[in-house]
Amino acid sequence: MPASPNLLADHACLIVHGSDRPGIVAAVSAMITRIGGNIVAFDQYSDDPTGGAYFQRVVFHRPGFAADRPPIEAEITKALRDFDLEWSLTDQSVPKRMAILSSQQDHCLLDLLWRHRRGDLPVTIPMVISNHTTSAEDVRSFGVPFFHVPSVPGPDKSASEAKIVELLKGNVDFVVLARYMQILSGDFLAQLGVPVINIHHSFLPAFIGAEPYKKAKQRGVKLIGATSHYVTDDLDEGPIIEQDTVRVTHADSAAELARRGADVERQVLSRAVLWHAEDRVIRHGNHTIVF
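All of these numbers come straight from a predicted model, not from anything done at the bench.

S.K.: Help me out: how do you make sense of the pairing of strand E5 (residues 96–102) in this one?
M.R.: For E5, the tally of buried residues reaches 6 of 7 residues, placing the bulk of the element in the interior. Following the backbone out of E5, through helix H3 (residues 107–117) and into the adjacent parallel strand E6 (residues 123–124), one traces a crossover that is right-handed. Where E5 and strand E7 (residues 128–130) come together, 3 bridges link them in parallel fashion. When the sheet's bridge partners are listed, Ile100 is paired in E7 with Val128.

S.K.: Looking at this structure, how should I read helix H2 (residues 69–80)?
M.R.: Along an α-helix, residues three or four positions apart point the same way, because every turn accommodates 3.6 residues. Across its 12 residues, H2 extends 17 Å between first and last C-alpha, which sits within 8% of the 16 Å expected from 1.5 Å per residue. Among all positions of H2, only Ile72, Ile76, Ala79 and Leu80 are buried. Along the axis of H2, the buried residues cluster in a sector spanning 85 degrees; they form a single face. For H2, the secondary structure elements touched by its buried residues are strand E1 (11–19), helix H1 (24–34) and strand E4 (85–91).

S.K.: Would you take a moment to explain the pairing of strand E3 (residues 53–61) for this structure?
M.R.: Each regular strand displays side chains that alternate between the two surfaces of the sheet. The element E3 is extensively covered by neighbouring structure, given that 8 of its 9 residues are classed as buried. Of the strand pairs in this sheet, E1 and E3 are connected by 9 bridges, and their pairing is antiparallel. Looking across to E3, one finds that Ala12 is bridged to Phe60. Looking at chain direction, strand E2 (residues 38–46) and E3 are connected through 8 bridges and run antiparallel. Paired with Ser46 across the strands is Tyr54, a residue of E3. Between the antiparallel neighbours E2 and E3 lie 6 residues, among them Gly51 with a positive phi of about 90 degrees.

Conventions and cut-offs
Residues numbered from 1 in each chain as written. Predicted model: local features only at pLDDT ≥ 70, side-chain atom pairs only at ≥ 80, totals over all residues. Heavy atoms only, no water. Buried < 20%, exposed > 50% of the residue type's maximum accessible area, 1.4 Å probe, protein only. Helix = DSSP H or I, 4+ residues; strand = E, 2+ residues; numbered from the N terminus. Right-handed = clockwise from strand over helix to strand, strands pointing away. Pairing = 2+ DSSP bridges. Expected span 1.5 Å × (residues − 1). Arc of directions from axis to C-beta. Contact = heavy atoms within 4.5 Å.

Rendered as structure tokens:
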């Protein structure tokens, strides 16, 4: 997978998924040829060639794509009408709008802002929202608006969630939880209506709650890691996008485990964000296909 993305003019990404059957590749390729396009990347996967689940990602170049998008979409509909497939089409010259939610731990937040400033992530960042103000000046130094929405004590978070939805609704294409230490309700996710990506250490469920690295040290773990996944109503059980691990030893202190764990969290989250922004991730039930 490419290390540094580019926003490419006159490039489109077509995602196709549904039931597998002969002729899908031929139909898509012929359609792209008919509209005057040229395929520059093609990935596909089938879990069973005899009627199983089929997934396809095609990037193609088509001069004047943005202006001619409606008739191109009509051609796609026509080409796939005899197949049991769903599809989506994105303009690869248009960056996705990514909002970030954070709390006091800033390692993932600042890493995403830094990668964005370097041009490593094909996104815009319209805002960062936090339930603390500790990172406000750092965020603003990147030229990104910062909003403070405190979390009220107690189980009822509806007031703060309503304020966050008010800020985000219609202004973002997806949201990243950069160590945002609040549980989001199902009502919040439904009202927001865009994908939400989370990052957490991979000690769950063995080391839940506070001080997971201290608990891991006490158990003598030999691997630490991180998991990035889509957020669903079921806490930390959404479709996994990316994971990674690093070996540790008995000589590593709890503080060293936490430091190395933070490094893995940054890497895993940035890869998940990049792949989502490049339309490389297809959700299928409670898992993902990542091209």
